[in-house]
Amino acid sequence: DSRSAAVIARASASAAVGAMLREMHATGTLQPGMVKAGLSADQRSDLMAWVPAAAEQPPALRVLLTALDALLLALSSRPEVSSDLGGVKLMRAEAQCTVYPGNGSRYIRHTDDAKKKLRRLTCIYYANPEWRSKAADGGELRMHLKPPRGGPEEAKDVAPLADRLLLFWSDARVPHEGLPTHTPRYAGSVWYHDARGIAEQLQD
């Protein structure tokens, strides 16, 4: 039936993205992430590569990005999202292909738009089949969330399971961290920017 076909299609897409990321890792395409603002290598110890939005993209990544664009177009029309966006049109930036190679590799707590580079939404797609428990594999993304009605901050851990897509605001509402990873953990990340702000920056 259509539901079974959709499950098979998602599994195939996840496998294709995972194969692409593993090949990039094996061939040395993924290199140590940039360490800035006083961070040391043990505070951000992922390996990554940027794929520009306008560049020739591997087929698996192109399929994923096309699906993300369609999803974001639908989400941005929903009242609870459009009100927060305030009429801002979104523009997809480059994609980031990433592996945390294990051995406790991690990324300390941070926000994706800390320097106000106009990132609005963060999307992370995981490609890790047969991911085991936190104690065995680790690698959860921990979000530090403030309850809408106030109160102490709450931690929400998200396991990097295959075909899981995580979307959250890129600003200070969602500080987050990559917890220590004990086995290679693969993901593709994309940010949607304030298109108007980007255009104004280019004009300055």
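A brief structural summary. Because the structure is predicted, anything quoted here is derived from the model rather than measured.

1. Overview of the sheet that holds strand β5 (residues 119-126)
Here 6 strands make up an open sheet; going across it, the order is β1-β2-β3-β10-β5-β8 and the pairing antiparallel. Unpaired on one side and paired on the other, β1 (31-32) and β8 (165-169) mark the two borders of the sheet. Here β5 runs beside strand β10 (residues 185-194); their pairing, made up of 7 bridges, is antiparallel. Directly across from Ile-124, in β10, lies its bridge partner Ser-189. Packed onto the sheet, helix α2 (residues 59-75) meets β2 (47-51), β3 (90-100), β5, β8 and β10 and runs at close to 45° relative to β10.

2. Quick look at the pairing of β10
Buried residues dominate β10, accounting for 10 of its 10 residues. Pairing analysis gives 9 bridges linking β3 to β10, with the strands arranged antiparallel. Opposite Arg-92, over in β10, you have Tyr-192 as the bridge partner.

3. So, the sheet that holds strand β7 (residues 154-158)
If you walk across this open sheet you meet the 4 strands as β4-β9-β6-β7, and the pairing is antiparallel. Edge positions in the open sheet fall to β4 (105-110) and β7, since each of these has one partner strand only. If you compare each strand with its neighbour and ignore which way they point, the axes differ by 25° on average.

4. Observations regarding the pattern of salt bridges
Counting across every chain of the model gives 8 salt bridges. Across the pair Asp-69 and Arg-92 runs a salt bridge whose closest N-O atoms are separated by 2.8 Å. Of this pair, Asp-69 sits in helix α2 while Arg-92 sits in strand β3; the two residues are 23 residues apart in sequence, bridging distant segments of the chain. When its relative accessible area of 28% is taken as the criterion, Asp-69 is described as partly exposed. Among the ionic pairs, Asp-84 bridges to Arg-173, the shortest N-O distance being 3.0 Å. With Asp-84 in helix α3 (residues 79-85) and Arg-173 in the loop between β8 and β9 (176-181), this residue pair connects regions lying 89 residues apart in the sequence. Looking at Asp-84, the relative accessible area reads 39%, which means it is partly exposed.

5. Some words on the packing of aromatic side chains
Using the criterion set out here, one finds 1 aromatic pair in the structure. With centroids separated by 5.9 Å and ring planes inclined at 50°, the aromatic side chains of Trp-50 and Trp-191 adopt a geometry described as tilted. A residue pair is termed long-range when its members are at least 10 positions apart, and Trp-50 in strand β2 and Trp-191 in strand β10 qualify at 141 residues. Sitting above the plane of the Trp-191 ring, Arg-119 keeps its charged end 4.0 Å from the centroid. The ring of Trp-169 carries the charged tip of Arg-173 above its face, separated from the ring centre by 4.3 Å.

About the thresholds
Residues numbered from 1 in each chain as written. Predicted model: local features only at pLDDT ≥ 70, side-chain atom pairs only at ≥ 80, totals over all residues. Heavy atoms only, no water. Pairing = 2+ DSSP bridges. Helix = DSSP H or I, 4+ residues; strand = E, 2+ residues; numbered from the N terminus. Contact = heavy atoms within 4.5 Å. Axes fitted to C-alpha atoms, helices over the stretch in contact; angles between N-to-C directions. Buried < 20%, exposed > 50% of the residue type's maximum accessible area, 1.4 Å probe, protein only. Salt bridge = Lys/Arg side-chain N within 4 Å of Asp/Glu carboxyl O. Phe/Tyr/Trp six-rings, centres within 6.5 Å; stacked < 30°, edge-to-face > 60°. Lys NZ or Arg CZ within 6 Å of the ring centre and 35° of its normal.

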